[in-house]
Amino acid sequence: MVIAALADRRAALVRDDEARGAKDRARQLRDHVRAYVLPRVQALESPLLVVLLGPTGAGKSTLMNTLARATVSRTGVLRPTTREAVLLATDADAATLRKGALAGIGPGQIQRAPATTASAGLAIVDAPDLDSVEHANRVIADALVEAADLGIFVTSATRYADKVPFDVVQRIAARGLPLLIVVNRMPPDESEQRVVLEDLRRVLKDTALRGIDDARVQMVGVAEGKLDPSGERLDLEAAAPVLQRVDELARDRERRLALARRALEGAVAGLGPLLASVAEDVERAAAEGEALRAITAKSYDAELAALLEELRGGTFLRAEVLRHWESYVKADQITRFFSRGLGRIRGTIVAVFRGMPEAPVGVVEKEVTSDVIAVAISRATEAGRRVASEWASREGPAAQLARDPSLWSASPDLAARVQPRLREWVASIATDVQARGAGKRDLAFGVSLGVNALTVAAMVGVFAHTAGVTGTELGIVAATGFLNQKLMQAIFGEAAMREMIANARERLEALLRDEFSKERARYDRLTADPIELRTLAEELRAAMGPLPA
């Protein structure tokens, strides 16, 4: 069934920071389709499931014992502390329900009552209290609402308008579940009883509840103190209307089938509004995900752009690092080389080799890459701080930030991730240097400088060389960039030099974009995928057309 698959997808996409109502509706849709609609469509004659529902202290367990003609469910103030529902069914019916309507409820959450008084074809469950202080109890009760064929709502003369049970009654109405209402602890005076029942009808008049046989919901009042001598069950006369309805279902297969058809019809009809509500929840989640991801994208894009601007301008490089390299490229033999050119010194190249200074390769490479890491961490930390500051004003994201304080800065492992990738980047420049020099006689002098030195020259060129650098510009970066440019140009030629530096810069920027994408993904993973959710919302709405009963 398409709706079952959609319900499963929605349930899988529910996030911890979503509103409780949205979570409940997602679970209701999944439970309703999986626990009730599909099993009942596939087997209309499977056991009829009657569920007793109500608030704490309303007398559900007392009514359960009355219907069972035996004490099968604990009564009294201790009952709300138990997490189990109580199931009265034959062994065969219990096994069938375990594979169908009750499949989604854990084995430890349902306690089997002795089957000696159970009727074949009819199972009764005493659900945990709807307003229990134990959240797990409420979850089981809600799941049983979705799995039932008939609900018996048990309340009292003083509690019928309580909010939590009333909210469940509204869900019962929306689900199309046939319902019988039992009002316990009624006043002894019949006129006062009528007042209570009339007021209850007033409270429920807009809920579109369905009765067992028709649209009018049957209400049964039980006066205060109408118990049998055991104190665990209602007086048979007082409970006669309820016993009669349940006994008729137990005896009559056709009545059970008729009720199952009515319940299925109501369940299918109730899918449309629930699908619409879930689709709206999904749309809201998509919009929230888009808003959160937009915050993240804006912050990280801005900091990445600032980082790349710093790298292109070379302004982040420490002057002492560039002075090492400037001293090298200004050395006498080097300046003679790039001022006179290869052709004029080719005949005396051996002599040139002997006077060549040693390039500070290790120092410059280490310091330049460490500077890149430091600036990247600084910018990533600022991006994280900006994202966290804006997220902190939203309830759900604020809770996530509280659980993971590292979201206020760059990832703790960012430096460890970037460092080996920068080494690979430097190695890629060395490979480019070697490839461009292969087979060229004029590169003999350049090779004598060492591949590593030329690699560092190209690497410095990425940061200190721009198209507009001239020898008249002031500053250590401009001066070093100019000298470095002349050295690279003399060895490789201007076009090859520019291409080599541009390629190295592109690879570095791609590396940093990738790392910033990973940083940003830390936040995106905490949000819903808007595209996936909007697709799901469209499919949920498309499934709201006419549904077969």
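Residues numbered from 1 in each chain as written. Predicted model: local features only at pLDDT ≥ 70, side-chain atom pairs only at ≥ 80, totals over all residues. Heavy atoms only, no water.

A. Representation of the overall build of the protein chain. Scanning the protein chain from N- to C-terminus turns up 21 helices and 7 strands. Here the protein chain holds 549 residues, and the buried ones make up 51% of them. For the protein chain, restricting intrachain contacts to residue pairs at least 6 apart in sequence, the fraction spanning at least 24 positions comes to 81%. In the structure as shown, the protein chain presents an accessible area of about 24300 Å², 53% of it carried by carbon and sulfur atoms. (Helix = DSSP H or I, 4+ residues; strand = E, 2+ residues; numbered from the N terminus. Buried < 20%, exposed > 50% of the residue type's maximum accessible area, 1.4 Å probe, protein only. Contact = heavy atoms within 4.5 Å. Areas by Shrake-Rupley, 256 points an atom, 1.4 Å probe, with all protein chains shown as cover.)

B. Summary view of the packing of aromatic side chains. All chains considered together, the criterion is met by 3 aromatic pairs. Between Tyr300 and Phe516 the ring centres are 6.1 Å apart and the planes differ by 80°, which places this aromatic pair in the edge-to-face class. Linking Tyr300 in helix H9 (residues 253–313) with Phe516 in helix H20 (residues 494–524), this pair joins segments that are 216 residues apart in sequence. Taking the relative accessible area as the measure of exposure, Tyr300 reaches 2% and is therefore buried. (Phe/Tyr/Trp six-rings, centres within 6.5 Å; stacked < 30°, edge-to-face > 60°.)

C. Looking closely at the confidence of the model for the protein chain. Residues at a pLDDT of 70 or more form 77% of the protein chain, whose mean pLDDT is 81. This model gives residues 441–448 a pLDDT under 50, and the stretch forms 19 contacts once residues within four places in sequence are excluded. (pLDDT = per-residue confidence, 0-100.)

D. Structural view of the nonpolar core. Ranked by internal contacts, the top residues of the largest apolar core, which has 45 residues, are Leu49, Leu144, Ile181 and Leu204. Counting residues per element, this core draws most heavily on helix H5 (residues 135–147), which supplies 6 residues. In this structure, Leu144 is in contact with Val51, Ala85, Leu102, Ile105, Val125, Ala127 and Pro128, ignoring residues within four places of it in sequence. Listed in part, the 35 residues of the second largest apolar core include Leu414, Leu422, Trp425 and Met500. (Core = buried A, V, L, I, M, F, W, Y, C linked by side-chain atoms within 4.5 Å.)

E. Local environment of the packing of H5 against helix H6 (residues 163–175). Between H5 and H6, the shortest axis-to-axis distance is 10 Å and the interhelical angle comes to 25°. The orientation of H5 relative to H6 falls into the category roughly parallel. Two packed elements cross with a definite hand, and for H5 against H6 that hand is right-handed. Here H5 contributes Asp142, Val145, Glu146 and Ala147 to the contact with H6, which in turn contributes Val168, Arg171, Ile172 and Arg175. (Axes fitted to C-alpha atoms, helices over the stretch in contact; angles between N-to-C directions. Parallel < 35°, antiparallel > 145°, perpendicular 65-115°, else oblique. Left-handed = near helix turned anticlockwise from the far one by under 90°.)

F. Up close: the pattern of salt bridges. All chains considered together, the criterion is met by 43 salt bridges. Across the salt bridge formed by Arg159 and Asp162, the nearest N and O atoms sit 2.6 Å from each other. Residues joined by salt bridges that share partners form a network here, namely Asp413, Arg417, Arg421, Asp514, Glu515, Lys518, Glu519 and Arg522. (Salt bridge = Lys/Arg side-chain N within 4 Å of Asp/Glu carboxyl O.)

G. Unusual backbone geometry, seen in detail. Although it is not a glycine, Arg185 adopts a positive phi angle of roughly 55°. Inspection of the secondary structure puts Arg185 in strand S6 (residues 179–186). For Ala208, which is not glycine, the phi torsion reads 55° and is therefore positive. Structurally, Ala208 is set in the loop between helix H7 (190–204) and strand S7 (218–223). With relative accessibility at 58%, the residue Ala208 sits in the exposed group.

H. View of the environment of Leu292. Note on placement: Leu292 falls in helix H9. Along the sequence, Leu292 and Arg394 sit 102 residues apart, while their C-alpha atoms lie 9.5 Å from each other. Not counting residues up to four positions away in its chain, the partners in contact with Leu292 are Trp391, Arg394, Pro397 and Thr527.

I. Molecular detail of the sheet that holds strand S5 (residues 150–156). Spatially, the 7 strands line up as an open sheet ordered S3-S2-S4-S1-S5-S6-S7, and their pairing is mixed. Whereas interior strands pair on both sides, the edge strands pair on one side only; in this sheet they are strand S3 (110–112) and S7. Adjacent strand axes in the sheet meet at a mean angle of 20° when their direction is disregarded. Bridging between S5 and S6 involves 6 bridges; their strand directions are parallel. Bridge assignment links Thr155 to a residue of S6, and that residue is Val183. (Pairing = 2+ DSSP bridges.)

J. Looking closely at the layout of surface pockets. Empty space within the largest pocket amounts to approximately 650 Å³. Counting residues per element, the ones that place at least two in the lining of the largest pocket are helix H2 (20–42), H5, H6 and H9. Examining the composition of the lining of the largest pocket, we find that 9 residues originate from one element, H2, more than from any other. Its residues assigned to classes, the lining of the largest pocket comprises 11 nonpolar, 5 polar and 12 charged. (1 Å grid on protein atoms, 1.4 Å probe; cavity = no way out; pocket = protein on both sides within 12 Å on 5 of 7 lines; lining within 4 Å. Points joined across faces, edges and corners; volume = space filled by probe spheres on them. Nonpolar A, V, L, I, M, F, W, Y, C, P; charged D, E, K, R; others polar.)

K. Spatial organisation of the pairing of S6. Along S6, 7 of the 8 residues are buried, which leaves the element largely enclosed by surrounding structure. The β-α-β motif built from S5, the intervening H6 and the parallel element S6 has right-handed crossover chirality. Relative to S7, S6 runs parallel, the two being bridged by 5 bridges. Each bridged residue has a counterpart across the sheet, and for Met186 the counterpart in S7 is Ala223. (Right-handed = clockwise from strand over helix to strand, strands pointing away.)

L. Main features of helix H15 (residues 395–403). Taken together, the buried positions of H15 are occupied by Gly396, Pro397, Gln400 and Leu401. Projected onto a plane normal to the axis of H15, the buried residues spread over an arc of 140° and lie on a single side. Structural note: H15 exposes Glu395 and Ala402 on the side pointing more than 90 degrees away from its buried face. (Arc of directions from axis to C-beta.)

M. Up close: the environment of Ile110. Residue placement: Ile110 occurs in strand S3. On the basis of relative accessible area, Ile110 is assigned to the buried category, the value being 10%. Taking C-alpha positions, Ile110 is 9.0 Å from Ala127, a pair spaced 17 residues apart along the chain. The residues touching Ile110, leaving out its near neighbours within four places in the chain, are Glu84, Ala85, Leu87, Arg98, Leu102 and Ile105.

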